[in-house]
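Here is what each chain is made of, one letter per residue.
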Amino acid sequence: MTGPDQAAGAEAAEDDAAELIAQLKDLAGADPADVRQVVAEVLAALDRAAGGALREHLPAAIRHDAGLDATVSARR
């Protein structure tokens, strides 16, 4: 059973997700290099927030583009 606080939290999360989707759709028409840079920055920020745990779940090419591969991370 969910309480009012859980329902409000779920609704806020859905609103946040909808806003993020709208922003990503806006980016879709932009220069692909700019989009790639934004995505790399977002992934790097999420990885930092997760204490480095996100990089384990990303393909090697994406880790490299986001600067999360072992050789780049060791130099930072």
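Scroll up a little and you will see the structure.
The present account deals with the structure reproduced in this document. (Residues numbered from 1 in each chain as written. Predicted model: local features only at pLDDT ≥ 70, side-chain atom pairs only at ≥ 80, totals over all residues. Heavy atoms only, no water.)

### Overview of a negative patch on the surface
In step 1: A cluster of acidic side chains, namely Glu11, Glu14, Asp15, Asp16 and Glu19, defines a negative patch on the protein surface.
In step 2: By secondary structure assignment, the location of Glu14 is in helix α1 (residues 4–28). (Patch = residues over 30% accessible without salt bridge, like charges linked within 9 Å, V, L, I, M, F, W, Y side chains within 5 Å. Areas by Shrake-Rupley, 256 points an atom, 1.4 Å probe, with all protein chains shown as cover. Salt bridge = Lys/Arg side-chain N within 4 Å of Asp/Glu carboxyl O. Lys, Arg positive; Asp, Glu negative; His and termini not counted. Charge placed at Lys NZ, Arg CZ, Asp CG, Glu CD. Helix = DSSP H or I, 4+ residues; strand = E, 2+ residues; numbered from the N terminus.)

### Side note on a nonpolar patch on the surface
In step 1: Side chains of Val38, Val42 and Leu46 sit close together on the surface and give an oily, nonpolar patch of about 220 Å² of accessible area.
In step 2: Topologically, Leu46 is positioned in helix α2 (residues 32–49).

### Some points on the pattern of salt bridges
In step 1: Following the criterion strictly, the structure yields 2 salt bridges and no others.
In step 2: Here Arg36 makes a salt bridge to Asp65, at a shortest N to O gap of 2.4 Å. Of this pair, Arg36 sits in helix α2 while Asp65 sits in helix α3 (residues 60–65), placing them 29 residues apart in sequence.
In step 3: One salt bridge in this structure joins Asp47 and Arg55, with 2.3 Å as the shortest N-O distance.
In step 4: The class of Asp47 is buried, set by a relative accessible area of 1%. (Buried < 20%, exposed > 50% of the residue type's maximum accessible area, 1.4 Å probe, protein only.)

### Observations regarding the side chain of Asp47
In step 1: By the element assignment, Asp47 lies in helix α2.
In step 2: Within the local environment of Asp47, its side chain forms a polar contact with the backbone nitrogen of Leu54, the two atoms lying 3.2 Å apart.
In step 3: Ignoring any residue separated from it by four or fewer positions in sequence, one finds Asp47 in contact with Gly52, Ala53, Leu54, Arg55 and Leu68. (Polar contact = N/O pair within 3.5 Å; in protein donor to acceptor, adjacent residues only side chain to side chain. Contact = heavy atoms within 4.5 Å.)

Nothing here speaks to function; it is geometry throughout.
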